Structures are given as structure tokens and as C-alpha cells.
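# Commentary on secondary and tertiary structure
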Amino acid sequence: MSIPNIYIVSGGKGITGEAVVKSILVQFPDFKVPTTIESDIHSKDQVLAAVLKAKNNNSIIVHTMVNKGMRIILTNLCKEYNVPHFDLMGPLSDYLTTELGAEPIQVPGLYRKINQDYFDRVAAIEFSLATDDGMNLNNIIHADIVLTGVSRTGKTPLSIYLALFGWKVANVPIIKDIQPPDELFMVDKLRVFGLTIDVSNLFEQRKRRVAQMGNFNSESYLDIRTINKELLAADDIFKRRGFTVIDVTNKPVESSANEIIHFIQDRFAIEDRKIFLSETE
């Protein structure tokens, strides 16, 4: 049995077509049907190249061309070269044109552009979860913001809160007697924020954590002198590396987040890409 490759042809990024195709393919779990996205198709030459690829690989074309002219060109070329093709946009678009008495504006990728803020937030949350607690250190160079600090300074909740507003945030723990990873020092220091906290406040945070986790050796984890040494060592790293220090003592996550965002927006002249959190209150 020959399993055809599916070429997803789009004037945008092909995300809509890919989602539809995958939602159909999942109904055939015993078959691995390969897919290829041919995105940003805006000329007859590009259409012809995509059709010939499909032809030469005995494949089919699924397309989401919102530009009627390009859709007609693609359909005609598919017929000329005997390439099976499936139009996901045309029939409904043509029907609505007739029923509404109006032509579509025919802008590829418009849905994504209009909803870019939503997609940014989803991407930011995925990034922040993937780089939580020092994971995937090779990716932190792509972060908008990097948080670092000792255990229980609130790095993860602050990361996720910032991610909800579209910021890609990585966080890297500073662990007693262990040298911080080199990747932390490869990031622009203006994007790195060291979280510090009052010793007694940190002690209380850790005590609550131990109560939640149950039985484990917590002697040094809850020793005030050890905690103080950890904080001093972390502060020394922050100063030597030029990281901005954020004191989170008795401070709600929203306040720390706003403080960090103001720094980032001032330093990198970011105005319209992200909103101030205070505007969402």
C-alpha cells in the first residue's frame, strides 16, 4: 500500500491547514502519513514549484489559499498535472461571498495576526514550563527574562505569571556549594534578575515546603545560618555578574512582575509588544 505525502499549501504559515489535516490523520492511528508544509505561497512560480513537488512524490495537496486568484491558479495547476487536491477554504469562502454580498479581504494569516497576543502567551507559557528550574539550559539564551535565586524565592510562580502576559521566562536555581551553570552567564545580564528575600521569610517559606513534602533530610535546608550563607553567596553572584536584584520579601508576585517588566521595557525600548501588568488590573 502506498501512503501519500500530504503537501499543505498556504499563503500564510500553514497552521490552519496543518491543524485540520492532523485532526483527520489522528482518526487513522495505524498509519503514519507524512505531511509537508509549503508556506508563504504568493506567486504562480511558487504554486507551480509546490505542485511539481507533489507530482514528483506521488503526493496530494491540501490548501488553505484565501486569495481567490492564487486559489484558482493552484487548482488549475493541480488539474493540469493530475495532482489530487483538496480546498479547505474556497467552498465556504465562495458561499459566504454569495450569501453576504461582499468579497473577503483575502489576507493570508489574518486570523493569527489578529490573535497574535494569544499565540504569544501560549508560546511563552510553553517556553517557561520547558525551562523551569534549570531545565533545557541551552534554550535560556532565547528568554526575554531569566530569573535566578536560591530555593523558595518564588522563581517558578513568578515565571509562570510573567508568561501569562507573553514573556518567555527561564529560571535557574542557585544551589548551595554548586557552581551555577555557564549558560546563565551567557545571557545578556540586563535580562537576568536575581531574586533575594529576608532570611526569616525564606525560613518560613521553606518550613511550609518541608511540611508539604513530608519526610526528607531538611536539617541544612532549614538551618538559619545555612540559609543566610546561601543568600549571601547568591547576592555575591548577582553583584559580580551585574544582575538586577529584586527583593521579593512579603511582596505579591504581581508587584515583582511589574518591577521586572518596567526594567525590561526601559532597557530594550519595548512598548507595544507587551502590556504593562498594571493595565490588566
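Residues numbered from 1 in each chain as written. Predicted model: local features only at pLDDT ≥ 70, side-chain atom pairs only at ≥ 80, totals over all residues. Heavy atoms only, no water.

## Quick word on the sheet that holds strand E5 (residues 145-149)
Strands sit in the order E6-E5-E7-E8 across an open sheet of 4 strands; the sheet is parallel. With partners counted over all chains shown, the strands left at the sheet margins are strand E6 (169-173) and strand E8 (244-247), one partner each. When strand polarity is set aside, the average angle formed by the axes of neighbouring strands in this sheet is 30°. Two strands pair when backbone bridges link them, and E5 and strand E7 (residues 192-196) are joined in this way by 3 bridges, in the parallel orientation. Note that in E7 the partner of threonine 148 across the bridge is glycine 194. Packing against the sheet, helix H9 (residues 224-241) makes contact with E5, E7 and E8, and its axis sits at approximately 160° to E7. (Pairing = 2+ DSSP bridges. Helix = DSSP H or I, 4+ residues; strand = E, 2+ residues; numbered from the N terminus. Axes fitted to C-alpha atoms, helices over the stretch in contact; angles between N-to-C directions. Contact = heavy atoms within 4.5 Å.)

## A few points about the environment of valine 248
Topologically, valine 248 is positioned in the loop between E8 and helix H10 (253-268). Owing to a relative accessible area of 11%, valine 248 belongs among the buried residues under this scheme. With 93 residues separating them along the chain, valine 248 and lysine 155 place their C-alpha atoms 10.0 Å apart. Ignoring any residue separated from it by four or fewer positions in sequence, one finds valine 248 in contact with Thr153, Leu195, Thr196, Ile197 and Ser256. (Buried < 20%, exposed > 50% of the residue type's maximum accessible area, 1.4 Å probe, protein only.)

## A short note on the environment of aspartate 247
Secondary-structure assignment places aspartate 247 in strand E8. On the basis of relative accessibility, which here comes to 38%, the residue aspartate 247 falls in the partly exposed class. Counting along the chain gives 20 residues from aspartate 247 to arginine 267, while the straight-line C-alpha distance between them is 19 Å. If we ignore the near neighbours within four places in the chain, the residues touching aspartate 247 are Thr196 and Ile197. Engagement of the side chain of aspartate 247 in a polar contact is seen with the side chain of threonine 249, the distance being 2.6 Å. (Polar contact = N/O pair within 3.5 Å; in protein donor to acceptor, adjacent residues only side chain to side chain.)

## Focus on the confidence of the model for the protein chain
Model confidence for the protein chain is summarised by a mean pLDDT of 90, while 94% of its residues fall at 70 or above. Considering only residues more than four positions removed or in separate chains, one finds that residues 275-281, a stretch of pLDDT under 50, has 16 contacts. (pLDDT = per-residue confidence, 0-100.)

## Structural notes on the packing of helix H6 (residues 116-130) against helix H7 (residues 155-163)
Packed helix pairs are characterised by how far apart their axes lie and by the angle those axes make with each other. Direction vectors running N to C along H6 and H7 enclose 160°, while the axes themselves pass 8 Å from each other. Between H6 and H7, the interaxial angle falls into the category roughly antiparallel. Here the hand of the crossing between H6 and H7 comes out right-handed. Along its contact with H6, which presents Arg121, Ala124, Ile125, Ser128 and Leu129, the element H7 presents Ser159, Ile160 and Ala163. (Parallel < 35°, antiparallel > 145°, perpendicular 65-115°, else oblique. Left-handed = near helix turned anticlockwise from the far one by under 90°.)

## What about the sheet that holds strand E2 (residues 35-38)?
Taken together, 4 strands build an open sheet; the order of strands is E2-E1-E3-E4 and the sheet is parallel. Either end of the sheet is taken by a strand with one partner, and the two such strands are E2 and strand E4 (85-87). Averaged over all pairs of adjacent strands, the angle between strand axes in this sheet comes to 20°, irrespective of strand direction. Along the sheet, helix H1 (residues 15-25) makes contact with strand E1 (6-9), E2 and strand E3 (60-63), crossing E1 at roughly 150°. Strands in contact with helix H3 (residues 68-80) are E1, E3 and E4; relative to E3, the strand with the most contacts, it is inclined by about 165°.

## Focus on the pairing of E3
Burial along E3 is two-sided: the face carrying Ile60 and Val62 and the face carrying Ile61 and His63 are both buried. Pairing geometry for E3 and E4, over 3 bridges, is parallel. Paired with isoleucine 61 across the strands is histidine 85, a residue of E4. Between the parallel pair E3 and E4, the chain is carried across by H3, and the sense of this crossover is right-handed. (Right-handed = clockwise from strand over helix to strand, strands pointing away.)

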